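Report on the structure
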Amino acid sequence: MPTSAPAHRFGETVLTVVDAAGAPLPDVAVTVAQTRHAFAFGNIGFDFVPLANGETDPVGTEDLAALYTDVFNTATLPFYWGRFEPERGKPDTGRLQQAARWFRERGVALKGHPEVIRGRRTICP
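All values derive from a computational prediction rather than experimental measurement. (Residues numbered from 1 in each chain as written. Predicted model: local features only at pLDDT ≥ 70, side-chain atom pairs only at ≥ 80, totals over all residues. Heavy atoms only, no water.)

1. Focus on the pattern of salt bridges
Enumeration according to the criterion identifies 4 salt bridges in this entry. For Arg95, the salt bridge identified is with Asp92, shortest N-O distance 2.7 Å. (Salt bridge = Lys/Arg side-chain N within 4 Å of Asp/Glu carboxyl O.)

The structure is reproduced here in structure tokens:
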């Protein structure tokens, strides 16, 4: 273990590589690559809601999707009242549910970002 690395970032294990019958295979080269971790690293997913719903993408958001999911494992969806219910009594539930499915299909965890101010409606641009 490198002396400058925090101890909680490293661990040791004994690995035995076996063949299909379970017999140990000595001197086999093994490469280990981390593909996921428990640390949530995310960003807003607001811009991907139209893409996830098959809407026109004039700014090239589709090109950013692979880059986003390559870097981030968590996305925040917008539940600001003004966006979530642009017309009183007609919340945007279906589009946000579809966006949530779109992110989950790509292995991205989700969180909502609600904003409610008591006594008045908040309108976000």
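2. Some details on the packing of aromatic side chains
Given two aromatic rings, one states the distance between the centres and the angle between the planes to describe the pair. This model, assessed by the stated rule, comprises 9 aromatic pairs. Ring centres 5.1 Å apart and planes at 65° place the aromatic pair Phe48 and Tyr68 in the edge-to-face group. One end of the pair, Phe48, is in the loop between strand S1 (42-44) and helix H1 (49-52); the other, Tyr68, is in helix H2 (residues 61-71), with 20 residues separating them in the sequence. An identical accessibility class is assigned to Phe48 and Tyr68; each is buried. Taking 5.6 Å as the distance between ring centres and 20° as the angle between the ring planes, the aromatic pair formed by Phe48 and Trp102 counts as stacked. A residue pair is termed long-range when its members are at least 10 positions apart, and Phe48 in the loop between S1 and H1 and Trp102 in helix H4 (residues 93-105) qualify at 54 residues. When sorted by exposure, Phe48 lands in the same class as Trp102, which is buried. Three or more aromatic residues joined by ring pairs form one cluster here, namely Phe41, Phe48, Tyr68, Phe72, Trp102 and Phe103. (Phe/Tyr/Trp six-rings, centres within 6.5 Å; stacked < 30°, edge-to-face > 60°. Helix = DSSP H or I, 4+ residues; strand = E, 2+ residues; numbered from the N terminus. Buried < 20%, exposed > 50% of the residue type's maximum accessible area, 1.4 Å probe, protein only.)

3. What to know about the side chain of Asp92
Relative to the elements of secondary structure, Asp92 occurs in the loop between helix H3 (81-84) and H4. Within the structure, Asp92 has its side chain in polar contact with the side chain of Arg95 (distance 2.7 Å). Each residue touching Asp92, except ones within four places of it in the same chain, is listed here: Arg83 and Phe84. (Polar contact = N/O pair within 3.5 Å; in protein donor to acceptor, adjacent residues only side chain to side chain. Contact = heavy atoms within 4.5 Å.)

4. Brief notes about the side chain of Asn73
Relative to the helices and strands, Asn73 is located in the loop between H2 and strand S2 (74-80). Within the structure, Asn73 has its side chain in polar contact with the backbone oxygen of Phe39 (distance 2.9 Å). Within the local environment of Asn73, its side chain forms a polar contact with the side chain of Thr74, the two groups lying 3.1 Å apart. Filtering out sequence-adjacent residues up to four positions away, Asn73 remains in contact with Arg36, His37, Phe39, Ala40, Phe41, Gly107, Val108 and Ala109.

5. Description of H2
Every buried residue of H2 is listed here: Thr61, Ala65 and Tyr68. Summarising the axial view, the buried residues of H2 lie within an arc of 75°, below the 170-degree limit, and thus occupy one face. Exposed and facing more than 90 degrees away from the buried side of H2 are Asp63, Ala66, Leu67 and Asp70. Taken together, the buried residues of H2 touch S1, H1, S2 and H4. (Arc of directions from axis to C-beta.)

6. A word on the nonpolar core
Formed by 15 residues in total, the largest nonpolar core has its most connected members in Phe48, Tyr68, Leu77, Trp102 and Phe103. Listed by contribution, the elements that provide at least two residues to this core are H1, H2, S2 and H4. Examining the composition of this core, we find that 5 residues originate from one element, H4, more than from any other. Setting aside residues no more than four positions away along its own chain, Trp102 makes contact with Phe48, Leu51, Ala52 and Ala65. (Core = buried A, V, L, I, M, F, W, Y, C linked by side-chain atoms within 4.5 Å.)

7. Topic: the confidence of the model for the chain
Averaged over all residues, the pLDDT of the chain equals 82, while 85% of them reach at least 70. Confidence, read as mean pLDDT per element, is least for H3 in the chain (78) and greatest for H4 (93). (pLDDT = per-residue confidence, 0-100.)

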